[in-house]
Amino acid sequence: MEEISINKSNQLKVIAILMMLCLHLFNKDYNNLFEPLIFIGSKPLSYYISLFCDACVPIFAFVSGYGLYFKYQQNSDNYVTDNFLRLKKLYINYWIIIAIFPVIIGSIIGKEGFPGSFVKLSLNLSGLSNTYNGAWWFFTVYVIFVLSSGFWFRLMEYINVYLYVILLFCIYIIFFYFRVYKADYFDQEILDAVQDTVTKFFCTLFQFMLGAFALKFKWNTKITKIFSGINFKNQLIIILIFGLVVLHGLIPNFIIAPFTGLCFLMLFNQLDLNKYFVRFLDFLNPHCTNMWLIHMFFYLVFFQNFIYSFQYPIIIFFVLVLLCLLSSYIINFIYNKILIVIK
């Protein structure tokens, strides 16, 4: 029985990116920004949906851990070399986006701080800073995951799995506290930046390793066996996912995001998806990295008034996806031309 396929992993990444867009657009005060149509109590429905969408990073981290551990199992001897190639391609894509948005568009619009000083540009080009785009914090974390993943995977061979999970969970709780409640622990700028990166890395490590555990111990196969004999499986799964949304609405603290994210992705894997929905996810897949890296430039940095001028959440979301998609075609075109030159 097949574990999570590459195609299914790619679909999960697309779902995570769409959730990220929803989270960033609507998890805020809607007054003078957009017009919700449906309310649950004093809060708009869009708020509760966006709140649940904070599972986006745990899902993306899980898929990253799952995919990297799969590659580690397949060819551990060339794992480091392959990872450097993976990062080289990612950085090329990332630098294209910096050239287009902070440098060219930022200069044309005259946005203060874009591109800014040479030091600011250099720090962002390296990935050590995300002052151009707050959503880029995961870029730095992902790079560290790729570089350090071999170490974390080897620990799985030497440490009792239950102890390992407990240790990772404790690390998550500790660094969640420092990320949320002690984010400004240091007064010195460099130390503050280091703390920010370290806390976000160790806050996300738990979710990243859950992906590796899921592959090693075949969680998806075991869950598939549970659902295999159930009638009206899709309807039951949708009810369970709805229950996760309600649960997070009752517990709005995003400390539970790794658990709602894990439950959601495991349930999503059991759904028998409509073929048109599958085609839609497959269509977006080549663009999901670009959508993650550029969406904040549209809804917050450069064109916030334009994006929210469409007033209604569903239209705002659609416009942002469309703009990201059109931009991604341009980015991918440039990226492919550069790869041809390099080769």
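The present account deals with the structure reproduced in this document. (Residues numbered from 1 in each chain as written. Predicted model: local features only at pLDDT ≥ 70, side-chain atom pairs only at ≥ 80, totals over all residues. Heavy atoms only, no water.)

Turning our attention to the overall build of the protein chain. Secondary structure summary: the protein chain contains 15 helices and 2 strands in total. What you see for the protein chain is a C-alpha radius of gyration of 20 Å, in line with the 20 Å of a compact globule of 343 residues. In terms of its C-alpha atoms, the protein chain occupies a principal-axis envelope of roughly 60 × 50 × 45 Å. Across the 343 residues in the protein chain, those meeting the buried criterion constitute 47%. A sequence separation of at least 24 residues applies to 79% of the contacts in the protein chain between residues at least 6 apart. Approximately 17500 Å² of the protein chain is accessible, and the part contributed by carbon and sulfur atoms is 67%. A distance of 9 Å separates the average location of the 23 positive side-chain charges in the protein chain from that of its 16 negative side-chain charges. (Helix = DSSP H or I, 4+ residues; strand = E, 2+ residues; numbered from the N terminus. Rg over C-alpha atoms; globule rule 2.2 N^0.38 Å. Buried < 20%, exposed > 50% of the residue type's maximum accessible area, 1.4 Å probe, protein only. Contact = heavy atoms within 4.5 Å. Areas by Shrake-Rupley, 256 points an atom, 1.4 Å probe, with all protein chains shown as cover. Lys, Arg positive; Asp, Glu negative; His and termini not counted. Charge placed at Lys NZ, Arg CZ, Asp CG, Glu CD.)

Attention now moves to the nonpolar core. Ranked by size, the top nonpolar core spans 106 residues in total, and within it F62, F138, F153 and M209 carry the most contacts. Element by element, the count of residues in this core is highest for helix α1 (residues 6–26), at 13 residues. Setting aside residues no more than four positions away along its own chain, F153 makes contact with G65, L68, Y69, Y72, Y79, F208, M209 and A212. (Core = buried A, V, L, I, M, F, W, Y, C linked by side-chain atoms within 4.5 Å.)

Take it as geometry only, folks, not as evidence of what the structure does.
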